[in-house]
Structures are given as C-alpha cells and as structure tokens.
Amino acid sequence: MDAASHPFLDIEKRTGMKDEDIDDFLRKVTDVQAAIKGMMDGEVDPADVKVAGIKTPEEKAAEEAERQRRLAELREKERLRRLQRQKEERERWWQHAELMYGDQEERAPYVADPSLDPTVDLEEAAAAADAAAVEEK
C-alpha cells in the first residue's frame, strides 16, 4: 500500500503542509547546520556566512531604503493628485460663477466700482450700506 492510496499515510493531506514547504525548511536547516559546523571548525568566517532565506543587515537596509523611496513616491503622487483636484474644483467653481453671474472679465469694472453697473440701484445700495453700518455700531 502506497502513501497516495491511503489518506492517513499522506503527510500533506494529514497536516495541510505541502511537501515542498517541508523540503524547503529542511534545506534551510541543513544549510544553517553546515554554516555552524564550518564556523566551529574555523573553515568559515562568520562574516561571510550567507544562508538562503535569512536576510543580511545590508539586504534589510536596501529593502528599507526601497520601501522609503516607494513611500516618498506615493506621497508625491498623492500631493500632485490633491493639487490637481483643487485646481479642477476651482475651475468648476469659476465655471458655475460665470454661468450664473456672467464672465469674470465683463464683471470686473462693476465689482471695482458698483456705480458703473446700470442694473444697480444706487439709492438702494446706499441705504443698505447705511443700514449695515448702523447694525455694526
């Protein structure tokens, strides 16, 4: 009877761990044991030991630098997107304002001096300004 025919003999089905994972773990353990033995015998310099799957401080520093670079890039993209959104919002606001109140260049002289606007009743505007001044006091 082979392991494939009986589910209790198949370790992968029983434990849920794949054979490749177990083999990879055993390979790492063997590599670490060989490195330790080499260091104990004096054949291997501890600074030169490189075990697959275990990151050196240089690799960790390089990964951290790459992560910081990506984070800075993401922040810059977000800043540019926010500026673009503000610009579009400003343009929408002015489009709406010009649709409702006329073109900005056409209104500029009347905004600076309302007495030039033929649609403004100067007596009514003066009375409103006097009423506002009285309310402030």
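Refer to the structure above for everything that follows.
Small disclaimer: the values here were computed from a predicted structure and weren't measured.

Conventions adopted
Residues numbered from 1 in each chain as written. Predicted model: local features only at pLDDT ≥ 70, side-chain atom pairs only at ≥ 80, totals over all residues. Heavy atoms only, no water. Helix = DSSP H or I, 4+ residues; strand = E, 2+ residues; numbered from the N terminus. Buried < 20%, exposed > 50% of the residue type's maximum accessible area, 1.4 Å probe, protein only. Contact = heavy atoms within 4.5 Å. Areas by Shrake-Rupley, 256 points an atom, 1.4 Å probe, with all protein chains shown as cover. Salt bridge = Lys/Arg side-chain N within 4 Å of Asp/Glu carboxyl O. Phe/Tyr/Trp six-rings, centres within 6.5 Å; stacked < 30°, edge-to-face > 60°. Expected span 1.5 Å × (residues − 1). Patch = residues over 30% accessible without salt bridge, like charges linked within 9 Å, V, L, I, M, F, W, Y side chains within 5 Å. Lys, Arg positive; Asp, Glu negative; His and termini not counted. Charge placed at Lys NZ, Arg CZ, Asp CG, Glu CD.

A. Quick look at the overall build of the chain. Helix and strand counts for the chain come out as 5 helices and 0 strands. Each helix and strand of the chain, ordered N terminal to C terminal, gives the series α-α-α-α-α. Looking at the 137 residues of the chain, the share that counts as buried comes to 5%. At a minimum sequence separation of 6, the contacts of the chain that also span at least 24 residues come to 9%. For the chain, the accessible area works out to roughly 12,100 Å², and carbon and sulfur atoms hold 57% of it.

B. Highlighting the pattern of salt bridges. The full count for this structure, using the stated rule, is 13 salt bridges. In this structure, the salt-bridge partner of D24 is R27, at a minimum N-O distance of 2.5 Å. Highlighted residues: D24 and R27, both in helix α2 (residues 19-41), separated by 3 residues, approximately one helical turn. Here D24 falls in the partly exposed class, since its relative accessible area comes to 30%.

C. Focus on the packing of aromatic side chains. By the definition in use, this model includes 1 aromatic pair. Residues W93 and W94 carry aromatic rings whose centres are separated by 4.8 Å and whose planes lie at 90° to one another, so their mutual orientation is edge-to-face.

D. Looking closely at helix α3 (residues 57-101). Its 45 residues place the ends of α3 65 Å apart at the C-alpha level, agreeing with the 66 Å of an ideal helix rising 1.5 Å per residue. At the exit of α3 stands G102, carrying a positive phi of roughly 100°.

E. Here's a closer look at a negative patch on the surface. Judged by side-chain charge, D19, E20, D21 and D23 come together as a negatively charged surface patch. The residue D19 is located in helix α2 in this model.

F. Up close: α2. Its 23 residues place the ends of α2 33 Å apart at the C-alpha level, agreeing with the 33 Å of an ideal helix rising 1.5 Å per residue. Phi turns positive, to about 85°, at G42, one or two residues after α2.

Read these as layout, nothing more, since geometry by itself doesn't imply function.
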